[in-house]
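Structure assessment
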Amino acid sequence: MNPERLRIEWLSAGEGVRFAEVMNEFGNKVKKLGPLGKGEGIDKNELKSKLEEVTKLVPYIKLVKREKLATRLDNIEEYNELFTSDEIDSLFREVISYYIDPDKCQACMTCSKRCPVEAIIGGKNQIHVIDQEKCIKCGTCFEVCPPRFGSVKKISGEPVPPPIPEEKRTIVRKSKEE
Ligand code: SF4
Ligand code: SF4
């Protein structure tokens, strides 16, 4: 997207005239740029799906770049140099996903209780599965899965394996088999 579509100004509540000026200037600029996507030569549907993908990644980006985003900057040069295009490209290229190894999951339910967006499907004696559409990549499941199980995998740069079929998710404990 054209970066000119974003403008950040700090204005105090007492600066009504300045506020009106900024809004008028910016409104005129955006009108000149034309509708989002059209001005950039991006098809409407492609734009919609790209925006949805990026929106889903916002919590992940905030998490992986939290230290950088919290840096106090003093001047415009520092702002301009904070993120390079290469860094942003590699951020998207190396997006991390989480996957539960069905051979290791012991259905202890720790991860599903701690997932902040209820993206983990599972229950008692059920191998847990991450709903990749809902997952915001916070990494909590990776951190809380007991080390003796080590069932949650971090995946980067390769596709996430498909989820184990529902009919194969029940764990039959040895004592019950006998
Ligand atoms: S990474 Fe976070 S959001 Fe995704 S499944 Fe694990 S706990 Fe849930
Ligand atoms: S915390 Fe680990 S072992 Fe427990 S249900 Fe989740 S993935 Fe399975």
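On a predicted model such as this, the values are computed, not experimentally measured, just so you know.

1. Considering the overall build of the protein chain
- In terms of helices and strands, the protein chain carries eight helices and four strands.
- Reading the helices (α) and strands (β) of the protein chain from amino to carboxyl end gives α-α-α-α-α-β-α-β-β-α-β-α.
- Rg of the C-alpha trace for the protein chain: 23 Å, well past the compact-globule value of 16 Å for 178 residues, more than 25% over.
- By its C-alpha atoms, the protein chain is 80 × 35 × 30 Å across when sized along the principal axes.
- Taking all 178 residues of the protein chain together, the buried fraction comes to 11%.
- A separation threshold of at least 6 residues defines the contact pool for the protein chain, and within that pool the share at least 24 residues apart is 63%.

2. A word on the domain arrangement of the protein chain
- Along its sequence, the protein chain is carved into domain 1 (43-94) and domain 2 (96-172).
- The gap between the C-alpha centroids of domain 1 and domain 2 is 26 Å.
- With four residues of domain 1 at the interface, the matching set in domain 2 holds five residues.
- Of the residues assigned to the side of domain 1 that touches domain 2, the class counts are three nonpolar, no polar and one charged.

3. Re the environment of I88
- With respect to the helices and strands, I88 occurs in helix α5 (residues 85-93).
- Classification of I88 as exposed rests on a count of 12 C-beta atoms within 10 Å.
- In the structure, I88 is positioned 27 residues away from I61 in sequence and 9.9 Å away in space, judged by C-alpha atoms.

4. So, the site of ligand 1
- Around ligand 1 there are 13 residues in total, and C115, C135, C138, T140 and C141 lie nearest to it.
- Taken together, the residues of the shell around ligand 1 break down into ten nonpolar, two polar and one charged.

5. Focus: helix α1 (residues 16-33)
- Relative to the 26 Å expected for 18 residues at 1.5 Å per residue, α1 spans 26 Å between its end C-alpha atoms, a close match to the ideal helical length.
- Sparse coverage of α1 is indicated by the burial of zero of its 18 residues.
- Remark: G34 follows α1 within two positions and exhibits a positive phi of approximately 85 degrees.

6. Description of unusual backbone geometry
- The phi dihedral of M109 falls on the positive side, at around 70 degrees, and the residue is not glycine.
- Among the structural elements, M109 can be located in the loop between β1 (96-100) and α6 (110-114).

7. A few points about the pairing of strand β2 (residues 120-123)
- On β2, burial follows the alternation: I120 and G122 on one face are buried, whereas I121 and G123 on the facing-out side are not.
- The turn linking β2 back onto strand β3 (residues 126-130) is made up of two residues, and N125 within it adopts a positive phi angle of 60 degrees.

8. Let's talk about the environment of R169
- Checked against the element boundaries, R169 lands in the loop between β4 (152-156) and α8 (174-177).
- For the pair R169 and L6, spaced 163 residues apart in sequence, the C-alpha separation works out to 47 Å.

9. Regarding the nonpolar core
- Y98, I100, C111, I120, I130, C141 and V152 are the most contacted members of the largest nonpolar core, which has 15 residues in total.
- When contributions to this core are tallied by element, the ones reaching two or more residues are β1 and β3.
- Among residues more than four places away in sequence, those in contact with V152 are Y98, I100, C111, C141, F142 and C145.

10. Side note on helix α2 (residues 44-64)
- Look at α2: 30 Å from first C-alpha to last across 21 residues, which is about the 30 Å you get at 1.5 Å a residue.
- Here α2 lies mainly on the outside; zero of its 21 residues are buried.

11. Some details on the confidence of the model for the protein chain
- Per-residue pLDDT for the protein chain has a mean of 91; in total, 98% of the residues score no lower than 70.
- Within the protein chain, the lowest mean pLDDT, 58, falls on α8, and the highest, 98, falls on β3.

Calculation notes
Residues numbered from 1 in each chain as written. Chains lettered and ligands numbered in written order. Predicted model: local features only at pLDDT ≥ 70, side-chain atom pairs only at ≥ 80, totals over all residues. Helix = DSSP H or I, 4+ residues; strand = E, 2+ residues; numbered from the N terminus. Rg over C-alpha atoms; globule rule 2.2 N^0.38 Å. Buried ≥ 20, exposed ≤ 12 C-beta atoms within 10 Å, placed from the backbone. Contact = placed C-beta atoms within 7 Å. Domains from an automatic or database assignment. Nonpolar A, V, L, I, M, F, W, Y, C, P; charged D, E, K, R; others polar. Near = placed C-beta within 6 Å. Expected span 1.5 Å × (residues − 1). Pairing = 2+ DSSP bridges. Core = buried A, V, L, I, M, F, W, Y, C linked by C-beta atoms within 7 Å. pLDDT = per-residue confidence, 0-100.

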